[in-house]
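Listed here are the chains, written in short residue letters.
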Amino acid sequence: MKTLRYNRIAILYILPAFLLILSFVFLPIVYNLYNSMFRWSSFDAAKTFVGFNYYGRLFKDPVFYISLKNNSLYAVISLVFQVGGGLVIAAVMEDKLIRKFQPFFRTVFFIPSVISIAVVGLMWQLLYNPEIGLVNGFLHAIGHSRWAHSWLGDSNTAIFAVIFVSQWQYTGYMAMLFLISMQKIPAEYYEAAMIDGASKIKTFLKITIPQIREMILVGTVITVIGAFKVFDEVYVMTGGGPGRSTEVLGTMLYRAAFRNDEMGYASAIGTVIFIITLILSLLQMKLGKSGQEV
Amino acid sequence: MSKKTKLLFVAMLLFALVLAGCSSSSSTTEEGSGKIVLKFLHKWPEPENHPYFDQVVKEFEKQHPNIVIKTDAIADGPIKDKLRVILGGNDVPDIFFSWSGEFARKFVRAGAALDLTPYLNKDTAWRDSFIPSSLQPFQTDGKNYGIPLDLDAKYFVYNKSIFKKYNLQEPKTWDEFLQELDTLKQNGVTPIIFGNQDPWAAIHYLTGFNQKLVPQDVRMKDYNPKTGEFTDPGYVQALQMFVDLNKKGYFMKNANSTSHDMAKQLFFAGKGAMFYLELVEFPDVEKAMKGNWGFFPMPAITGGKGDQSMITGAPDGFLVSSKTKHPKEAIEFLKFLTSKENGSKLTTQLGWPSPVKGATTAQNAIKQVAEGVDGLNKADGMAIWLDTDVNAKVADSYLSNAQLLLDGTKKPEQVMKEIQKVAKQVQSESE
């Protein structure tokens, strides 16, 4: 019964981590579900049982659908720019012609992602300012004044203006992740491809992408889940406004909890966010058949 | 058990101890030294305002060596959210800032605020030292829960040289006002500077319009979360008036993406003729414009069914936590803070009008502030900021829709329907 003894020790080793995850991840999820069935506010001890009413209300709330739409926009645009764009940037930086300058570009592209989100938000708020902002200033300078716009102040453009800032900030970060895994690809593959006369684009599609498939998958999961958890960028730049046009699930939750004193409703939103991200990541893991590396 | 497993258990036990240590926060340290600790939370962390409170606290501690006051300050915007979280926690400040009206009332309903009526009744001299209209907004069911610190009111501030250039007078009625706005616009001057990035700026207009267009008793009934319906046609009219100001081009462009502070700079630079500003901002205006400015209250609306002589504004003040262990000392501090001496210091140092009778005078305040307070005394009363006077959810609906009214995505009728729906929901929940 040696294996059993070993197993017991093995379990003991896992136990601390397991307990930690249990108490800091799983219990809160269950507790949150419990909380979502009561009407309560943070400063009032009284709790009124409402059952699943808040979920019913949530699915009827038009803001919920605005938020879902905005989160999805976030996800799709981030996939194109951060994962797609990041891949291209990484591939270009790995190219022999540019590799000499790679450290320089690596730093330049990476810098935005180390700046705190509050700073980035305020900075872009100024850049987007219709009177003194650089964005409109640039448009005037190149003679396209009719494109000048109140970017964050118009409910049609505000969400795109906010999403763009995310792309600006994190594309470089993604490119860096891809770059690292590209550097692990054996050079022989590329030499062989060169001898066979494959074009650069073909090499990229047939060698680079399959070789870093795992990293692409990780990148996709990170961006998509990040897109559904996004809060700070939106909160700092627009606070969900104008009106509710840039509301995402995160800001909707915040508003319910700390503005409208509806902790129960906020908990219900939290549960829904959890379910959405859970389904998305399960789906991606299944599609990507992950688990071999990283 | 083998040695290894024993070791592991010890390690885990230590780990658990560390975790447990995290949870119990460090309790008040000064209590050991026999001193009473009072936690005081206000909303003025700005370097120009904070020293006043520091000074008052220091002075108080000197006079009461057995009391230590721990001051904390959170800025205007964030305190709206944070106050709710703080009051839900275990570390509740003994004395905390609150707006008057519904904002304070929800803490009262939750039992988080201490009833101060007995203390005020015991010391009638203290009670009578306040301008009556400043205590009233903190009342719920005839009981006093808050002590006012300052008085704030909203006035249209105008640029004197622009008014002179186009030969304009301070308007008495809304029609006169509109005419003047039109004159300004015809001459290529931006009539009203307005920054609505944070939509409370729009709410201040709506507070005034509602007060002037909706009968007083109906409005009071609607602002009460238990009976609010918002079906009076005056509410839609109020929104329409706000939209019209924008549609006719009287507001500056891009109001939704301009912050109030930036708008202020534009006004100071002479980029517009008028600006709807608060009394507490008058000292800033004076600093920047040096006498080249005047002010008038929102003009009366002919035919409006509401009260025409009230002024939009409210006292800011403090509540005492119902969980405080030292109510007597907390009251002692509030008395000190609102003494005539400290009230007049509030005016001299910060330029703010004090609700204490005789504390803000023509001698210690800039001329316009003294006149503004005078205007308040003459007015029928105050219409409290809409976003702090109605239930939080109704306020939220007003706030977010104000921006959409400006950019034209929503019509006043639509917005009002939405607000009625929210009011109904609030009603059903507050039984």
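Because the structure is a prediction, the values reported are computed rather than measured.

A. A look at the side chain of Ser245 of chain A. Residue and element names in this part refer to chain A. By secondary structure assignment, the location of Ser245 is in the loop between helix 11 (232-237) and helix 12 (249-259). Residue classification places Ser245 among the buried residues on the basis of a relative accessible area of 14%. Separated by 2.7 Å, the side chain of Ser245 and the backbone oxygen of Pro242 make a polar contact.

B. The side chain of Asn391 of chain B, seen in detail. Residues and elements named next belong to chain B. You can see Asn391 is positioned in the loop between helix 18 (386-389) and helix 19 (392-406). With relative accessibility at 15%, the residue Asn391 sits in the buried group. Within the structure, Asn391 has its side chain in polar contact with the backbone nitrogen of Lys393 (distance 2.7 Å). When residues no more than four places from it in sequence are discounted, the contact partners of Asn391 are Glu102, Pro225 and Val426.

C. Structural detail: the interface of chain B and chain A. Each partner contributes to the interface: chain B provides 32 residues, whereas chain A provides 34 residues. Counting the surface lost from both chain B and chain A, the interface buries some 3,000 Å², and carbon and sulfur atoms represent 57% of this. Together, Asp81, Arg84 and Asp396 of chain B form the three largest contributors to the area buried by chain B at its contact with chain A, with a combined 18%. For the interface between chain B and chain A, the tally reads 5 salt bridges. The shortest N-O distance in the salt bridge between Asp396 of chain B and Arg255 of chain A comes to 2.6 Å. Counting the contacts that link chain B with chain A gives 16 residue pairs in polar contact (both at pLDDT 80 or more). Listing elements by their share of the side of chain B that touches chain A, those giving two or more residues are helix 1 (3-23), helix 3 (76-88), helix 4 (102-109), helix 19 and helix 20 (412-429) of chain B.

D. Region of the structure containing the packing of aromatic side chains. Residue and element names in this part refer to chain B. Considering all chains together, one arrives at 59 aromatic pairs over all chains under this definition. Between Phe40 and Phe53, the aromatic rings sit 6.4 Å apart at their centres with planes inclined by 50°, giving tilted as the arrangement. Placement of Phe40 in strand 1 (residues 36-42) and of Phe53 in helix 2 (residues 50-63) is noted, with a sequence separation of 13 residues between them. Residue classification places Phe53 among the buried residues on the basis of a relative accessible area of 1%. For the cation-ring pair, Lys80 lies above Trp99, with the distance from its terminal atom to the ring centre recorded as 5.1 Å. A cation over an aromatic ring shows up here: Lys154 above the ring of Tyr276, its NZ or CZ 5.4 Å from the ring centre.

E. Looking closely at the nonpolar core. In this structure, Phe194, Tyr205, Phe209, Phe230, Phe242 and Tyr398 of chain B are the most contacted members of the largest nonpolar core, which totals 80 residues. Listed in part, the 56 residues of the second largest apolar core include Leu83, Ile95, Ile147 and Phe318 of chain B.

F. Representation of the packing of helix 12 (residues 233-247) of chain B against helix 19 of chain B within the structure. All names here are of chain B. It is the contact of helix 12 with helix 19, at a shortest axis distance of 9 Å, that shows an interaxial angle of 45°. The orientation of helix 12 relative to helix 19 falls into the category oblique. As helix 12 packs across helix 19, the resulting crossing turns out to be right-handed. Along its contact with helix 12, which presents Tyr235, Leu239, Phe242, Val243 and Asn246, the element helix 19 presents Tyr398, Ala402, Leu405 and Leu406. Partitioning the contact of helix 12 with helix 19 into residue classes produces 8 nonpolar, 1 polar and no charged.

G. Here's a closer look at the pairing of strand 3 (residues 95-99) of chain B. Residues and elements named next belong to chain B. In terms of burial, strand 3 is largely enclosed, as 5 of its 5 residues are buried. Covered by surrounding structure in strand 3 are Ile95, Phe97 and Trp99 together with Phe96 and Ser98, the residues of both alternating faces. In the sheet, strand 1 pairs with strand 3 via 2 bridges, with the strands oriented parallel. Each bridged residue has a counterpart across the sheet, and for Phe40 the counterpart in strand 3 is Ile95. As paired strands, strand 3 and strand 10 (residues 311-320) are joined by 5 bridges and run antiparallel to one another. Paired with Ser98 across the two strands is Gly317, which belongs to strand 10.

What counts and what doesn't
Residues numbered from 1 in each chain as written. Chains lettered and ligands numbered in written order. Predicted model: local features only at pLDDT ≥ 70, side-chain atom pairs only at ≥ 80, totals over all residues. Heavy atoms only, no water. Helix = DSSP H or I, 4+ residues; strand = E, 2+ residues; numbered from the N terminus. Buried < 20%, exposed > 50% of the residue type's maximum accessible area, 1.4 Å probe, protein only. Polar contact = N/O pair within 3.5 Å; in protein donor to acceptor, adjacent residues only side chain to side chain. Contact = heavy atoms within 4.5 Å. Buried area = accessible area lost by both parts, 1.4 Å probe. Salt bridge = Lys/Arg side-chain N within 4 Å of Asp/Glu carboxyl O. Phe/Tyr/Trp six-rings, centres within 6.5 Å; stacked < 30°, edge-to-face > 60°. Lys NZ or Arg CZ within 6 Å of the ring centre and 35° of its normal. Core = buried A, V, L, I, M, F, W, Y, C linked by side-chain atoms within 4.5 Å. Axes fitted to C-alpha atoms, helices over the stretch in contact; angles between N-to-C directions. Parallel < 35°, antiparallel > 145°, perpendicular 65-115°, else oblique. Left-handed = near helix turned anticlockwise from the far one by under 90°. Nonpolar A, V, L, I, M, F, W, Y, C, P; charged D, E, K, R; others polar. Pairing = 2+ DSSP bridges.

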